[in-house]
Amino acid sequence: MKKIIPIAEALRARVIIRNGALLAFVIYASESLGLPEGLYMALAMLTVMELNLGGGILAGRERLVGTILGLLAVVIGAGALSEAPAPLRVGISLILVRIFCFYFGLNSGYIVGGHVVSGSILNHNSDWWFYASWRTVMTLAGVVLGIWCSTQIYSQLATTEWEQKARIWIGDIANCLSKLNNSKGSIELFISLRNRRNLLQQEIPKLVCEQSVLDQDFNNLFWAQNCLRCGSTVISCCRDLSPLFGEHLQKPLSLELPIDNLIFWGSAKLKVLAKSVESNDDEIDLISRELSLVRADLMRISQRYFDEVEISALVLEQEPSLNLFFLSRLLLLVDSLIEISPLRSMPSKALI
């Protein structure tokens, strides 16, 4: 974490300087060329470039589509209802904007659409078509320019930020797994890991947009989905196994299982995946082979458990249902640890 913060601050400073310089140039150029409503081109560029590339694309879509829908509402409200009082036209147009934005699934685009409506009808009642149409054109130009600049000059990539957060999350899961055999896991810890998983999952659409714009293979996206799915399974297994280790650790069934090897090699693999550098393939392959051996032992013990005629001789006083749950969770845990894969980073076309 200490290594990530200075890098993020340095990149943030470069992005601020980039945005300020580009916006100053765009405003100067629009004023020099006499572009109508050129300010909205600068505002659209700022909306796109202020966030990372993936988030900027989504924010630009919201602003552009909201502006177009606002223009449509103005055409209906100011054109078809030209004889109606201004408050009535504004009210009907705002209602139409909310309906249109809801239909197209926008989260915040109705705000921009409402600005278009109020600016057109209240401030430009006589030339609303000129104002609304040029504002839409300038917004489109600003979104396109913002995306292009974000991909070429000091790109603040959503994939890079997501990968850093995911590696920290995986490292914390590794610490949780390494302590599974020693103490009861705190339910607050598992809730925290689950909430962080949810936040990472909410960022996936940004990764999709970014990968599409950069025309890259979706290797990073596939890794992200694999990371979330397998990491979530490890958290669930640790949560369910934690109280069983505390209560039943000394039972014969628990002692026969390769629990120590599972915890050691599983946490070792997660710690390797959590490194910010490219994972060592040989080390990952070695750990995966060890985990495969652990899985083979678990399968052998499970088969023997189900084939044993005298169950009480194997499990003493333990409940069969508890043993079944215990074995199933251990198998699910080792399968997830084997399946989770290292990141295969793809070179970016953007300048970072």
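Below, the structure is looked at part by part.

## Section: the overall build of the chain
So, point 1. Regarding its fold elements, the chain presents 15 helices and zero strands.
So, point 2. Across the 352 residues of the chain, 47% fall into the buried class.
So, point 3. Nonlocal contacts in the chain, meaning residues at least 24 apart in sequence, comprise 80% of its contacts between residues at least 6 apart.
So, point 4. A total accessible area of about 18100 Å² is found for the chain, and carbon and sulfur atoms account for 62% of it.

## Notes on the nonpolar core
So, point 1. Core analysis: the biggest nonpolar cluster contains 53 residues, and Trp162, Trp169, Ile170 and Leu270 have the highest contact counts within it.
So, point 2. Counting residues per element, the ones that place at least two in this core are α7 (158-178), α8 (187-202), α9 (204-213), α10 (219-248), α12 (259-273), α13 (281-307) and α15 (320-339).
So, point 3. Setting aside residues up to four positions removed in sequence, isoleucine 170 forms contacts with Cys227, Leu270, Leu273, Ala274 and Ile340.
So, point 4. Core analysis: the next-biggest nonpolar cluster, separate from the first, contains 16 residues, Val74, Val90, Val117 and Ile121 among them.

## Notes on a nonpolar patch on the surface
So, point 1. A cluster of nonpolar side chains, contributed by Leu72, Val75, Ile76 and Trp129, occupies part of the molecular surface with about 340 Å² of accessible area.
So, point 2. Among the elements that take part in the nonpolar patch, helix α3 (residues 53-80) stands out by supplying three residues, more than any other.
So, point 3. Positionally, isoleucine 76 belongs in helix α3.

## Focus on the pattern of salt bridges
So, point 1. All chains considered together, the criterion is met by nine salt bridges.
So, point 2. Where glutamate 163 meets arginine 167, a salt bridge forms, and the shortest distance between an N and an O atom there is 3.0 Å. Placement of the pair is glutamate 163 and arginine 167 together in helix α7, with a separation of four residues, close to one helical turn.
So, point 3. On the accessibility criterion, glutamate 163 (18% relative accessible area) is buried.
So, point 4. Look at arginine 167 and you get buried, because its relative accessible area is 7%.
So, point 5. Of the charged contacts in the structure, one is a salt bridge between aspartate 240 and arginine 329, with a shortest N-O distance of 3.0 Å. Taken together, the residues span a long stretch of sequence, with aspartate 240 in helix α10 and arginine 329 in helix α15 at a distance of 89 residues.

## Section: the packing of aromatic side chains
So, point 1. Tallied over the entire structure, the rule returns six aromatic pairs.
So, point 2. With a centroid separation of 6.2 Å and an interplanar angle of 80 degrees, the aromatic rings of tyrosine 40 and tyrosine 131 are classed as edge-to-face. Of this pair, tyrosine 40 sits in helix α2 (residues 39-49) while tyrosine 131 sits in helix α6 (residues 128-152), placing them 91 residues apart in sequence.
So, point 3. Given the relative accessible area of 15%, tyrosine 40 is considered buried.
So, point 4. Sitting over the ring of tyrosine 110, arginine 98 keeps its end group 4.1 Å from the ring centre.

## Topic: the packing of α7 against α12
So, point 1. Relative to each other, α7 and α12 sit at 165 degrees, their axes nearing to 8 Å. Judged on the interaxial angle alone, α12 and α7 are roughly antiparallel. Crossing handedness for the pair α7 and α12: left-handed. Where α7 abuts α12, its residues Arg167, Ile170, Ile173, Ala174, Asn175, Leu177 and Ser178 lie against Ile263, Gly266, Ser267, Leu270, Lys271 and Leu273.
So, point 2. Classifying every residue of the contact of α7 with α12 by side-chain character gives seven nonpolar, four polar and two charged.

## Observations regarding α8
So, point 1. Taking 1.5 Å of rise per residue, 16 residues should cover 22 Å, and α8 covers 23 Å from first to last C-alpha, within 8% of that figure.
So, point 2. Those residues of α8 that sit buried are Phe190, Leu193, Arg197 and Leu200. For α8, the arc enclosing every buried residue in end-on projection is 80 degrees, short of the 170-degree limit, so these residues lie on one face. Across from the buried face of α8, at angles greater than 90 degrees, the exposed residues are Glu188, Leu199 and Gln202.

## Points about the side chain of arginine 135
So, point 1. On the secondary structure map, arginine 135 appears in helix α6.
So, point 2. Of the side chains bearing the opposite charge, glutamate 37 lies closest to the buried arginine 135, which forms no salt bridge; the N-O distance is 7.1 Å.
So, point 3. Discounting chain neighbours no more than four positions away, the residues touching arginine 135 are Glu37, Tyr40, Arg63, Thr67, Val112, His115 and Val116.

## Observations regarding the environment of isoleucine 191
So, point 1. Its place among the elements puts isoleucine 191 in helix α8.
So, point 2. Accessibility expressed as a relative area gives 45% for isoleucine 191, which makes it partly exposed.
So, point 3. Distance from isoleucine 191 to arginine 239, taken between C-alpha atoms, is 9.5 Å for residues 48 residues apart in sequence.

## Here's the deal with the packing of α3 against helix α5 (residues 109-123)
So, point 1. Orientation of α3 relative to α5, taken along the N-to-C sense of each, is 40 degrees, at an axis distance of 7 Å. When the interaxial angle is binned, α3 and α5 end up oblique. Relative to α5, α3 is oriented so that their crossing is right-handed. For the pair α3 and α5, the contacting residues are Glu62, Arg63, Gly66, Thr67, Gly70, Leu71, Ala73, Val74 and Ala78 in the first and Gly109, Val112, Gly113, Val116, Val117, Ser120 and Ile121 in the second.
So, point 2. Considering only residue class, the contact of α3 with α5 consists of eight nonpolar, six polar and two charged.

What counts and what doesn't
- Residues numbered from 1 in each chain as written.
- Predicted model: local features only at pLDDT ≥ 70, side-chain atom pairs only at ≥ 80, totals over all residues.
- Heavy atoms only, no water.
- Helix = DSSP H or I, 4+ residues; strand = E, 2+ residues; numbered from the N terminus.
- Buried < 20%, exposed > 50% of the residue type's maximum accessible area, 1.4 Å probe, protein only.
- Contact = heavy atoms within 4.5 Å.
- Areas by Shrake-Rupley, 256 points an atom, 1.4 Å probe, with all protein chains shown as cover.
- Core = buried A, V, L, I, M, F, W, Y, C linked by side-chain atoms within 4.5 Å.
- Patch = residues over 30% accessible without salt bridge, like charges linked within 9 Å, V, L, I, M, F, W, Y side chains within 5 Å.
- Salt bridge = Lys/Arg side-chain N within 4 Å of Asp/Glu carboxyl O.
- Phe/Tyr/Trp six-rings, centres within 6.5 Å; stacked < 30°, edge-to-face > 60°.
- Lys NZ or Arg CZ within 6 Å of the ring centre and 35° of its normal.
- Axes fitted to C-alpha atoms, helices over the stretch in contact; angles between N-to-C directions.
- Parallel < 35°, antiparallel > 145°, perpendicular 65-115°, else oblique.
- Left-handed = near helix turned anticlockwise from the far one by under 90°.
- Nonpolar A, V, L, I, M, F, W, Y, C, P; charged D, E, K, R; others polar.
- Expected span 1.5 Å × (residues − 1).
- Arc of directions from axis to C-beta.
- Lys, Arg positive; Asp, Glu negative; His and termini not counted.

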